[in-house]
Amino acid sequence: MLFPVPGRVRELRDRVHAFVTERVEPAEPVLNAGGQESRDALDLLRKEAKEAGLWALGHPAELGGGGLPFLDYVYVNEVQGRSEWGQFALGTFTLQDSLMLHKYASPRWRERYLAPMVAGELSPSFAMTEPDVAGSDPTGMRTTAELDGDHWVIRGRKWFTSGAAQAAYTTVMCRTEQDAESPHRAFSMIIVPTDTPGYRILRETPVLGMNGGHYEVDYDGVRVPADNLLGPRGHGFVIAQDRLGPGRIFHCMRWLGQAQRAFELMCARLDSRVAFGEPLSAKQLMQQHVFESYAQIQAARLLTLQAAERIDAGDQARIEIGAIKVVGARMLHDVVDRAVQVHGAAGLTDDTPLSRMYRHAREARLYDGPDEVHVQSTARRILRRVNA
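Residues numbered from 1 in each chain as written. Predicted model: local features only at pLDDT ≥ 70, side-chain atom pairs only at ≥ 80, totals over all residues. Heavy atoms only, no water.

(A) The arrangement of the environment of Ser125 in detail. Structurally, Ser125 can be placed in strand S1 (residues 123–127). The sequence separation of Ser125 and Ala164 amounts to 39 residues, and the corresponding C-alpha distance is 5.7 Å. In contact with Ser125, not counting residues within four places along its chain, are Asp97, Thr161, Ser162, Gly163, Ala164, Ala167, Tyr169, Thr170, Thr171 and Tyr199. (Helix = DSSP H or I, 4+ residues; strand = E, 2+ residues; numbered from the N terminus. Contact = heavy atoms within 4.5 Å.)

What follows is the structure, encoded as structure tokens:
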């Protein structure tokens, strides 16, 4: 089965590609540096994206977004993902949270947060992982929320809460049902405004030498109204799966964009670099890097688009999503690693984007579930399907 870019989205995808390559990628040194100059540069990119009609393309139209259908947005998300700043410059980094709020939040919270979030006026954050609990088994989470009159009281500690320092609120996964028959029915999602007393940011957690906006947060008797509950009690895992399933496809498409960019850098380096009297591109071992990278990217792209097509048709596509999470993360790591190798010492420096891309690629095999968990759960589902 072939998955060509549909004609209905090709022109828009080309415009996003041009914006990312011509405006976002050249701004990366400033954006990566942090500080006021970085914030000003990002604000300018956002303004330009809105003026170009490229803002928040994946958000539902009724929320003020571009209203792209899921599968169409997947195609756009690949070229947006060439830069880690693409989703921030184009207003789509809040997509998972806006869809979650739109579906599960009370009218009060939808009214308060949704429109400003889609407009880029406020940021959300999401708290699930805990420092003392294996992320591969989230049923062991220790953060609790107890109902005291008409308020939830939350106690515990979370980390890898992305963007907490800039966020207006955090959606916190916590144990609310102490006597639940199933551990997967013991947890709920609760909205916590970040200015709530007891919400304390302890530190920004460095990741592979970079401060990537991941925070460790303590919930010290945080009190929030009962209607801050997101969806029904005990449905935390249902909501999390609803959030993470499509989100993993979004990740995989962005990884494809990153890998494609690394592949292009590698090919350009092979043609321009001369060693032993000829371009590196003439060396057979270097040609093998090209072949392996091309094959991995194409295979991962087809697997990802197949999963997206199943999701678009109303299927949960758990086998397909589990497969692409593992294959996509490995593909990204391998392609960027080869590009670093081809660049030699330059690939280890920040003179090219490959150093940051390589570190982010290593993260991909852990966040949203480590490879080992996805391999095991996906294999079990495959066996049940084959042996049914």
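That shown, we press on.
(B) Expanded view of the pattern of salt bridges. Overall, the coordinates contain 28 salt bridges when judged by the stated rule. The partner of Arg82 in a salt bridge is Glu264, and the shortest N-O contact between them spans 3.2 Å. Within this pair, whereas Arg82 is found in the loop between helix H3 (70–80) and helix H4 (86–89), its partner Glu264 is found in helix H7 (residues 236–272), the two being separated by 182 residues in sequence. What makes Arg82 buried here is its relative accessible area of 7%. For Arg108, the salt bridge is made with Asp227, and the minimal N-O distance between the two is 2.6 Å. (Salt bridge = Lys/Arg side-chain N within 4 Å of Asp/Glu carboxyl O. Buried < 20%, exposed > 50% of the residue type's maximum accessible area, 1.4 Å probe, protein only.)

(C) Just the side chain of Asp368, in detail. Among the structural elements, Asp368 can be located in the loop between helix H10 (354–363) and helix H11 (371–387). Buried charged residue Asp368 carries no salt bridge. Nearest counter-charge: Arg248, at 4.5 Å. A distance of 3.1 Å separates a polar atom in the side chain of Asp368 from a polar atom in the side chain of His251. Residues within four places of Asp368 in sequence aside, it is in contact with Leu244, Arg248, His251, Lys325 and His374. (Lys, Arg positive; Asp, Glu negative; His and termini not counted. Polar contact = N/O pair within 3.5 Å; in protein donor to acceptor, adjacent residues only side chain to side chain.)

(D) Here's a closer look at the layout of surface pockets. There is about 410 Å³ of room inside the second largest pocket. Considering the residues around the second largest pocket, the lining is formed by 20 residues, among which Phe70, Leu99, Met100, Asp242 and Pro246 are closest to the centre. In terms of residue count, helix H5 (residues 95–104) provides more of the lining of the second largest pocket than any other element does, seven residues in total. Per-class residue counts for the lining of the second largest pocket are 12 nonpolar, five polar and three charged. (1 Å grid on protein atoms, 1.4 Å probe; cavity = no way out; pocket = protein on both sides within 12 Å on 5 of 7 lines; lining within 4 Å. Points joined across faces, edges and corners; volume = space filled by probe spheres on them. Nonpolar A, V, L, I, M, F, W, Y, C, P; charged D, E, K, R; others polar.)

(E) Here's a closer look at the pairing of strand S5 (residues 187–193). Most of S5 sits inside the fold, with seven of its seven residues counted as buried. Here S5 shows no split at all, with Phe187, Met189, Ile191 and Pro193 on one side and Ser188, Ile190 and Val192 on the other all buried. Both S5 and strand S8 (residues 229–230) contribute to a ladder of two bridges, which runs antiparallel. Following the sheet pairing, Ile190 is matched in S8 by Leu229. (Pairing = 2+ DSSP bridges.)

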